[in-house]
Every structure is written in structure tokens, then in C-alpha cells.
Amino acid sequence: MTMNLRRLLPAAAPLSLRQRIRAPIGALIGIAATAFAGLLALRQGLNPPAIIAPMGASAVLLFAVPASPLAQPWSVVGGNGISALVGVLAASLIPDPTLAAGLAVSLAIAAMTACRCLHPPGGAVALTAVAGGAAIRDLGFGFVLWPVIGNSLLLLASALLFHRLTQGTYPHRLQPALTRHDTADPAAVARIGFSAADLDEVLQDYDQFLDIDRGDLETILRRTELRSYRRRAVHVACDSIMSRDVVAVAPDTPLKEAHELMRRHHFRALPVTNDRAEVVGIVTQSDFLHKPRWVAGRPRVGLLQRLRLVLSGASAPNDTVKDIMTTPVRTVRPETPVADAIILFAEGGLHDLPVVRDGNKLTGIISQSDALVAMLEDRRPAEADMTHLPANTF
């Protein structure tokens, strides 16, 4: 009996406690702010209601599943607004309320799909326009502007602010897992396993709506491929391949001095450490290329980078490493498997990874070249096993 009940539950991806807490708190703030602003609007002469019930469903999407295509800004405002317009038209043109209700929801789905703003609460908005009572019907097309679009914009503004303050990502954008270089070549991760055309063909055959961004789906599948490599790989730890004689710089090292160090040693990156040998950043060739401007052969912090530093609350720039270094830094530990480091290199477009011990203290560094040599060495045991197989194995 218990197993039968479990089959009724949807399969859900694991979710951290932080995300479980953020969603209800966000919905509380968003709905309360929208309702409060609605009450203020009523005092300015707008017709009631201050807030409509479908906003509760929109809040679920905006705060619980903000990565969903159904929760993006155009889906929220466009989906609710178009559905309200369809619902008002159905209510005014079709005398029979039962038929009007059915057609309102049906046509709202069709209109949202055509306009690429499918938003499930839109169905409730269309139904509200038909079955919301005399007060709603009396609003006529005014129902579209207020409360529907007004509520939608207020709730959306609350979601944008909430996710920004809580370090969330909204509107959703694809995480930089597939790093490209603005050339015709695909990203490194995209050159293994399936192709983008393979995925598009499967999705076309599947022919059902998926509540996940297509780019996110491809990223998930490619990351799964990389992790399958980690499962198959022989365990080699980072401390067995890392460079131990590490050249690092301090945050207050002048930019010219750091650049000279990189040129002298032919490094692509320098870890940045404080006086306790703790890694606080990393300065790379890319940082030197994009962040400073060069005056008479010397790197200087440019105007745009100065503005970025001021807006981030950093101390005044003085043409030192701290003004252009990348932080926070992706690091690995000595016992981290090299296969995990390869995943970080492939997904993050990284070239070097500092190796840290307890207290985030620098103990070494590994490069893509180090990982490549380890990966080739990793194939030797498997190839040796293949050569010792009996002749009739195949």
C-alpha cells in the first residue's frame, strides 16, 4: 500500500534547506507588498479589488521555481494580461457562463502559447474575468489594466528585488557552464557526447511541453556526462600532480610587478594571498586583458573598472592586484580527485585551480596541462586490462 502511494508522488530533484526557506519567505514578502500597494492604489481612486487570487499562483512560480520558463517576466505580465483580455472578451460576448468559462480558459492557453508567455495562473485570471462576480464584470476591459497587469507588475518588482537581495538569479539566465570564446567552435564540453542537434531532434520527437529551459536541460545532460567520467576514472588526487613551488602575489602588489612575474614565469594566472597565506583571489591573463588600460606600457585601472569597484563597495583603486583580481576563487583540496578538477576546468572555462588546505591556505596549484597528463595516465590501467583479456572475450 505504501509503495502504491509513493507512485502517486512526483519525482523531485533534491533541494537545499536554503532554497526551501527562500521560497515561502519570498512569497510572503511579494504577496504582502503587492496587496499593500494595491490598497494604496484604491485610496487613489482605482476600482477594487486590491489583489486577485491568481497572484498567489504567480507567487509560487516566481519564488519557488524562478528558473522555470513559466515564471519569467514576459510570462508573468504577458500571460496574465493576455488571459485577462481573453476572459473579458469571452464574458462580454458569450451569454452562457458555462460556455464562456470554458472558452476563456481554452483560448487563453492558445493565446499564451502563441505569444510565448505560457503562465498557468493566466488560466485562473481568464476564469476570474468570467466567474469573478458582478464587481469584476463591471470593470470591463479596465480589469486588464487593474488589477491584473497592475498586480502582476507589483509582484514581479517584488520578486526582482527579493532575488537580487538574497543573491538569487532572476530573471533566469543560463549558468556559465558551457564557456565559449565568441568563435564558431562549440564550447569544450559540447564537443563530447551528444550534439545540440541530437537534443533538438529528441525534443521534437518527445513533442511535449517541458517546464525547463532548453539550455538548462542541455547543461544538465552535459554535466551528467562529465560526472560519469568521474565515476569511471581511476582515483588520482590533486596533490599527486600539483605544482608546489607556487608563485603568488599579495593584493597590494603593483599591477606592473604582477604582470612582469607572469611574463617571466610564462604563467597564465597568479594566486593572490594575504599575509596568512590564505587565498583571497586570483589574477589571470584575462584580467590583465580586459580590466586595466595600458598607458606607456604600464597597466592602469580603467574608468569602467573603477566604476565597478565603486559600485561593489571596494576600496579606492590604486593600480594594484586587488583592483583587477577575480574573487571569489574556485579552489580544490589536495585530496580532491583529479576527475573533479577536470569537471571544474570544463564547466567553468578555468585554466588554473589553486590547491588549498585547512583554513584556505595555499599549498599548490594545478593547471589544465597537469590534469591532461593525469587523464592520459588514467587510461593506462584500463588499456592494460584490455590487453590481458582472453581472446574469446569478444
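Above this text sits the structure in question.
The rules behind each value
Residues numbered from 1 in each chain as written. Predicted model: local features only at pLDDT ≥ 70, side-chain atom pairs only at ≥ 80, totals over all residues. Heavy atoms only, no water. Helix = DSSP H or I, 4+ residues; strand = E, 2+ residues; numbered from the N terminus. Buried < 20%, exposed > 50% of the residue type's maximum accessible area, 1.4 Å probe, protein only. Contact = heavy atoms within 4.5 Å. Patch = residues over 30% accessible without salt bridge, like charges linked within 9 Å, V, L, I, M, F, W, Y side chains within 5 Å. Areas by Shrake-Rupley, 256 points an atom, 1.4 Å probe, with all protein chains shown as cover. Salt bridge = Lys/Arg side-chain N within 4 Å of Asp/Glu carboxyl O. Lys, Arg positive; Asp, Glu negative; His and termini not counted. Charge placed at Lys NZ, Arg CZ, Asp CG, Glu CD. Core = buried A, V, L, I, M, F, W, Y, C linked by side-chain atoms within 4.5 Å. Pairing = 2+ DSSP bridges.

### Describing the overall build of the protein chain
Counting its regular elements, the protein chain contains 15 helices and 6 strands. In the protein chain, which comprises 394 residues, the share counted as buried stands at 37%. Long-range pairs, those at least 24 residues apart, make up 64% of the contacts in the protein chain with a sequence separation of at least 6.

### What about a negative patch on the surface?
On the surface, a cluster of negative charge is made up of D198, E201, D205 and D207. Mapped onto the elements, D198 comes out in helix α9 (residues 196-206). Note on D198: relative accessible area 38%, which makes it partly exposed.

### Some words on the nonpolar core
Nonpolar side chains tend toward joint burial in soluble globular proteins. Ranked by internal contacts, the top residues of the largest apolar core, which has 21 residues, are L62, F63, A84, F143, V148 and L155. Looking at this core, the element that brings in the most residues is helix α8 (residues 142-165), giving 7 residues. Once you skip the residues sitting within four places of it in the chain, V148 turns out to touch I52, M55, N80, G81, A84, V125 and F143.

### Considerations on the pairing of strand β2 (residues 279-284)
Most of β2 is tucked away, with 5 of its 6 residues classed as buried. As paired elements, strand β1 (residues 269-273) and β2 share 5 bridges and run antiparallel to each other. If you follow A269 over to β2, its bridge partner there is T284. If you look at the hairpin formed by β1 and β2, you'll find 5 residues sitting between the two strands, and A277 has a positive phi there, around 65 degrees.

### Things to note about helix α6 (residues 121-131)
Burial analysis of α6 places 8 of its 11 residues in the buried class, which makes it a mostly covered element. The set of residues buried in α6 consists of P121, G122, G123, V125, A126, T128, A129 and V130. Tucked into the core, α6 has its buried residues touching α3 (54-64), α4 (73-93), α5 (97-114), α7 (134-139) and α8. Phi for G133, located one or two positions after α6, is positive at around 100 degrees.

### Concerning unusual backbone geometry
Looking along the chain, the bond that leaves Y170 and enters P171 is cis, with omega of 0 degrees. Among the secondary structure elements, P171 is positioned in the loop between α8 and α9. Put simply, T327 and P328 share a cis peptide bond, and its omega is 0 degrees. Relative to the elements of secondary structure, P328 occurs in the loop between α13 (303-311) and α14 (338-348). Look at Q167: it is not a glycine, yet its phi comes out positive at around 60 degrees. Even without glycine at this site, D207 takes up a positive phi of about 55 degrees. Mapped onto the secondary structure, D207 falls in the loop between α9 and α10 (214-232). Note on D207: relative accessible area 64%, which makes it exposed.

### Re a nonpolar patch on the surface
Together, L17, I21, I25, L28 and I29 line one region of the surface with nonpolar side chains, adding up to about 490 Å² of accessible area. Among the secondary structure elements, I25 is positioned in helix α2 (residues 17-43). Among the residues examined, I25 registers a relative accessible area of 40% and is labelled partly exposed.

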